[in-house]
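Results of the structural survey
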Amino acid sequence: MPRVIDCPDETSCELGDCLEALESEGFRAYEEESLLHAAGWLRRLGNNRNFLGDLLLEQLKQGVNSGQDVSGYGPQVVMLSGLGREYYMRANFWPGHSDHMFRASGASAFSYELPHDHNFDFLTVGYFGPGYSSDYYEYDYDKVAGAIGEKAGLRFVERSTLDPGKLMHYRAHRDVHSQLPPESLSVSLNIMHAGGAQGWLDQYKFDVEKDEISGVIGAGGSEVFLRVAVGLDCPEAHDLAHSFARSHPSDRMRLAALEAQAGVVDADERDSLWRCAEASGSRLIAMEATRRRRALQAA
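All of the points below concern the structure found in this document. Numbering of residues begins from 1 in every chain and follows the order in which that chain's sequence is written. Per-residue local features of the predicted model are confined to residues with pLDDT of at least 70, and side-chain atom pairs are confined, for both listing and counting, to 80 or more; whole-chain, interface and lining totals are unaffected and use all residues. Think of the side-chain values as coming from all heavy atoms in the structure, minus any hydrogens and water.

1. A short note on the overall build of the protein
In plain terms, the rule: A run of DSSP states H or I qualifies as a helix once it reaches four residues; a run of E qualifies as a strand once it reaches two. Both are numbered from the N-terminal end. Each residue gets one of three labels from its accessible area relative to the maximum for its type: buried under 20%, exposed over 50%, partly exposed in between, using a 1.4 Å probe on protein chains only. For this analysis, residues touch if any pair of their heavy atoms sits within 4.5 Å. Only the protein chains shown count as cover for residues, and all accessible areas are computed by the Shrake-Rupley method using a 1.4 Å probe.
Summing up its helical and strand segments, the protein has nine helices and 11 strands in all. Seen through its C-alpha atoms, the protein measures out along the principal axes to roughly 65 × 45 × 45 Å. Counting across all 299 residues of the protein, residues that qualify as buried make up 46%. Summarising the internal contacts of the protein: among those between residues at least 6 apart in sequence, 73% fall at separations of at least 24. For the protein, the accessible surface area stands at approximately 15100 Å², while carbon and sulfur atoms represent 52% of it.

Given below as structure tokens:
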């Protein structure tokens, strides 16, 4: 499960102080000194009981004239820093099961009861409210190919709550959690690591009952662009998809290129495409190709 960081400090800081400290030292989650430095500043910011309310109030006062979209990441998130660095900060809002927005939108709108891992490290601290609970699991990322229906090897650890003041380090490609709605509205503060390779690393969702990978979260923009271009029947896109499927260094992009090609041919050609892909030399592509051929046969 995520590492609980014991970081006793009763002092507080302003958001600007925290961002300045991170800007000065960075946030390299794989380096203990850098990780603990960031955790200390997150602790101090979490001790400031007024900064988030003041920020939201100021945004409401300024409205469209603020020049900053603090909710640009999504309606459940308030961005506390800009993007484009090796880190960013955000505040996450977690509605309780009795809140109107939860009852109106349902659990899936807030990623509740969605077992998943992350393709990045991040720190989080319980800032407001009782905090969400999670069922925590661990798994070995390097032992899976990432195919749908593949055995994940999940190991249940415990159910615990992000209590107020609790500070945790979620480890990329290791910690899996299924979040449960809190008793009432809660807020967490996060420092997220953002590395250049992140877009090429998969983030999975899981079926914990079957102990299987049930999907990939967040397709990259390049994958989407390729599918659209091939679907629009652009000759150059067809050539590019063929090239990517044959030799792209990312297995996930190779699979996306195959999917794009399969989407514009008839069933017989699709079966032939996936039959060739079974011998691609990639474990991920071979497993996915077999799954697609079985689905075609069943249809």
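Don't stop here, the text continues.
2. A closer look at the sheet that holds strand 8 (residues 175-180)
Sheet strands pair by backbone hydrogen bonding; their relative direction is either parallel or antiparallel. Under the convention used in this document: At least two DSSP bridges between two strands are required for those strands to pair. As a rule, the C-alpha atoms of each element are fitted with a line to give its axis, helices using only the stretch in contact, and angles between N-to-C directions run from 0 to 180 degrees.
Ordered by their spatial adjacency, three strands build an open sheet running 6-5-8, and the pairing between neighbours is antiparallel. Both edges of this open sheet fall to strand 6 (155-161) and strand 8, since each of them pairs with a single strand only. Strand-to-strand twist across the sheet, computed as the mean angle between neighbouring axes with direction ignored, equals 20°. Sheet analysis places strand 5 (residues 133-138) next to strand 8, joined by six bridges and oriented antiparallel. Bridging across to strand 8, glutamate 138 finds its partner in aspartate 175.

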